[in-house]
Amino acid sequence: MYLNYRILMRTRVITLLLSAMFLLVYFALYQQLRFDQEENNKFTKFYRNNTLSQHVSGQKLGKTSKQYLQEIDYIPKKMQLYRRHLQKLQTDIKDEKFLVVAENLLNDTALLTTLNNSPWQLPSEWVNTKEIMPESVPQLGRLMYEMATRRITGADVGFKGSQLKATLFLEGDQRVAFKPQRYRRNEIISGSPYSGYDRHNGEIAAFHLGRILGFRRTPVAVGRRINLRQELKPVAKPRLLSTFVENGNNSCFYGECYYCRSNLSACADGSIMEGVMILWLPNSWPLKVHRPHPWRRTYKQNKTAQ
C-alpha cells in the first residue's frame, strides 16, 4: 500500500513538471508569434487571433472570405511573417530542446506545402486510436487555410449538446461544426464556472494547447467570419433557416440544442458573424459513446453527476 502511494505521488510530480515545461514552451512561442501591428495591422490582427478571415470589412460589401484574403495577398505575407518569426525563435530561444519544439509547431501551421489531392483526405491518414494527428503534420497549415476559405455549400442545425452550433459543409463535402462568437474578447463572465456560454476561441486555444502538450486529441479548429446573409442563408436547410431572426440590422440565429431559444440567439455584427470552424472526424472513425460519460457534470452547484 505504501509503495503504491509513493509511485502515485512520483507520477503526479513528474506529470506536473512535464506540464510546466510545455507551458513554458507555449508562452515562449506565443511571444514570438505576436506580430508587429504597426507594419501590417490588418493581416496581423486576424493571424494573432488564429482567424484566417478576421478582418473582413470587405465582406460587408458582399465579398467572401477567400476573395478578401486574395486581395490582401495572403500567402506571400504569410510566408514573409513565417520567415521573420522563425528567425526570432532561433535568436531568442537558447535551449535547443525548446527551440526544436517551437520550430516544429511553427512549421506545421505555415503554408509550406502544396496539395495534389483534396485536403479533406488528410485527416483520414492522420487519425488512429490514440490521437487525431501525428506529432509532425507539415500539411496542417494548408488544411487550416482551406477550412477558413472554402466555399460553404450546405448548412444545417447542430442538434446535440448544450451550446449553439451549426453543421456546415464546405466545398468538397467536408463537414465542420461552426460555433458562433458570444462575447467580445475582453468581456469577463462572473458567477459559477458554468455561467454564460462557451467562448468560441476557447476551441482554438484547446486545439493548439493539445499540440503543445503532446496530446493531439482535440479536433482542428480555426477562426472564420461568415457573411450570414450571403454565404450561409442561401445554402441553409429549412430547419436551420427557420431559426433565423433579425435584431435591428443584425442577423441572428438560435438553431437547435438543449438550451437553444429564440430569446438566446447569437447575433452577427450586421451580417458578419465571427466563429470557429471545428473539423469533423472522418466517417471511418465514429465517436465511441460512453454511458455514462466519464466527464459528465450537472449545472447545479450542490449536485454532483451520478
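Please read these numbers as outputs of a predicted model, since none were measured by experiment.

Caption draft 1: Structural context of the overall build of the chain. A tally of regular secondary structure across the chain gives 10 helices and 8 strands. Here the chain holds 306 residues, and the buried ones make up 41% of them. Accessible surface, the chain: about 18100 Å² in total, of which carbon and sulfur atoms supply 53%.

Caption draft 2: Molecular detail of the packing of aromatic side chains. This model, assessed by the stated rule, comprises 3 aromatic pairs. With a centroid separation of 4.8 Å and 85° between ring planes, the pair formed by Y258 and Y259 is classed as edge-to-face. On the basis of relative accessibility, which here comes to 38%, the residue Y259 falls in the partly exposed class. Over the aromatic face of W280 sits the side chain of R175, whose NZ or CZ is 3.9 Å from the ring centroid. When the ring centre of Y197 is taken as reference, the NZ or CZ atom of R182 above it lies at 3.9 Å.

Caption draft 3: Spotlight on the side chain of S265. Along the chain, S265 falls in the loop between β6 (250-253) and β7 (266-267). Polar side-chain contacts of S265 include one of 2.8 Å to the backbone oxygen of S262. Contacts of S265, omitting those with residues within four sequence positions, involve R182, V245, C252, F253 and Y254.

Caption draft 4: Fine view of helix α7 (residues 140-149). In terms of burial, α7 is largely enclosed, as 10 of its 10 residues are buried. All buried positions along α7 are accounted for by L140, G141, R142, L143, M144, Y145, E146, M147, A148 and T149.

Caption draft 5: Seen up close, the pairing of strand β2 (residues 166-170). With respect to burial, β2 is a largely interior element, 4 of its 5 residues being buried. Pairing between strand β1 (residues 152-157) and β2: 5 bridges, direction antiparallel. In the strand pairing of β2, G154 is matched with F169. Across 5 bridges, β2 lies against strand β3 (residues 174-180) in antiparallel orientation.

Caption draft 6: Structural detail: a nonpolar patch on the surface. Where nonpolar side chains cluster on the molecular surface, the patch consists of Y258, Y259 and Y299 and spans about 350 Å² of accessible area. Of note, Y299 is situated in the segment after β8 (272-279).

Caption draft 7: Spatial organisation of helix α8 (residues 200-213). With 14 residues, α8 should reach 20 Å at 1.5 Å per residue; the first-to-last C-alpha distance of 21 Å fits that figure. Looking at α8, one finds that the buried residues are H200, I204, F207, H208, G210, R211, I212 and L213. Downstream of α8 by a residue or two, G214 has a phi angle that is positive, lying close to 85°.

Caption draft 8: Fine view of the state of the cysteines. Overall, the coordinates contain 2 disulfides when judged by the stated rule. Covalent S-S linkage joins C252 and C267, the inter-sulfur distance amounting to 2.1 Å. Across the S-S bond of C252 and C267 the torsion is about 100°, and the bridge reads as right-handed. Here the residue C252 occupies a position in strand β6, and C267 occupies one in strand β7, the gap between them amounting to 15 residues. Assessed through its relative accessible area of 1%, C252 is described here as buried. Judged by relative accessible area, C267 falls into the partly exposed class, the value being 32%. Here C257 is linked by a disulfide to C260, with a sulfur-sulfur distance of 2.0 Å. Looking down the S-S bond of the C257 and C260 bridge, the torsion is 100°, so its handedness is right-handed. The class for C260 is buried, based on a relative accessible area of 13%. When the cysteines of the chain that form disulfides are numbered from the N-terminus onward, they connect as 1-4, 2-3.

Caption draft 9: Expanded view of the side chain of S251. Inspection of the secondary structure puts S251 in strand β6. Classification of S251 by relative accessible area gives buried; the value is 0%. With sequence-adjacent residues up to four places away left out, S251 is seen in contact with L228, R229, K233, F244, V245, E246, A266, C267, A268 and G270.

Caption draft 10: Focus on the sheet that holds β6. Taken in spatial order, the 3 strands make up an open sheet running β5-β6-β7, and their pairing is antiparallel. Across the chains shown, the open sheet's two edge strands, defined by having one partner strand only, are β5 (244-247) and β7.

Caption draft 11: Region of interest: the confidence of the model for the chain. The predicted model of the chain averages 77 in pLDDT, with 71% of residues at 70 or higher. Taken as a whole, residues 31-63 scores under 50 in pLDDT and shows 87 contacts with residues more than four places along the chain or in a different chain.

Caption draft 12: Representation of the sheet that holds β2 in the model. Reading across the sheet, the 5 strands line up as β1-β2-β3-β8-β4 and stay open at both edges, with antiparallel pairing between neighbours. The open sheet has two edge strands, β1 and β4 (221-227), and neither has a second partner. The average angle at which neighbouring strand axes cross in this sheet is 35°, direction not considered. Its contacts with the sheet put α7 on β2, β4 and β8, and the angle it makes with β4 is roughly 20°. Lying over the sheet, α8 contacts β3, β4 and β8, oriented at roughly 35° with respect to β8.

What counts, and where the lines are drawn
- Residues numbered from 1 in each chain as written.
- Predicted model: local features only at pLDDT ≥ 70, side-chain atom pairs only at ≥ 80, totals over all residues.
- Heavy atoms only, no water.
- Helix = DSSP H or I, 4+ residues; strand = E, 2+ residues; numbered from the N terminus.
- Buried < 20%, exposed > 50% of the residue type's maximum accessible area, 1.4 Å probe, protein only.
- Areas by Shrake-Rupley, 256 points an atom, 1.4 Å probe, with all protein chains shown as cover.
- Phe/Tyr/Trp six-rings, centres within 6.5 Å; stacked < 30°, edge-to-face > 60°.
- Lys NZ or Arg CZ within 6 Å of the ring centre and 35° of its normal.
- Polar contact = N/O pair within 3.5 Å; in protein donor to acceptor, adjacent residues only side chain to side chain.
- Contact = heavy atoms within 4.5 Å.
- Pairing = 2+ DSSP bridges.
- Patch = residues over 30% accessible without salt bridge, like charges linked within 9 Å, V, L, I, M, F, W, Y side chains within 5 Å.
- Salt bridge = Lys/Arg side-chain N within 4 Å of Asp/Glu carboxyl O.
- Expected span 1.5 Å × (residues − 1).
- Disulfide = S-S within 2.5 Å.
- pLDDT = per-residue confidence, 0-100.
- Axes fitted to C-alpha atoms, helices over the stretch in contact; angles between N-to-C directions.

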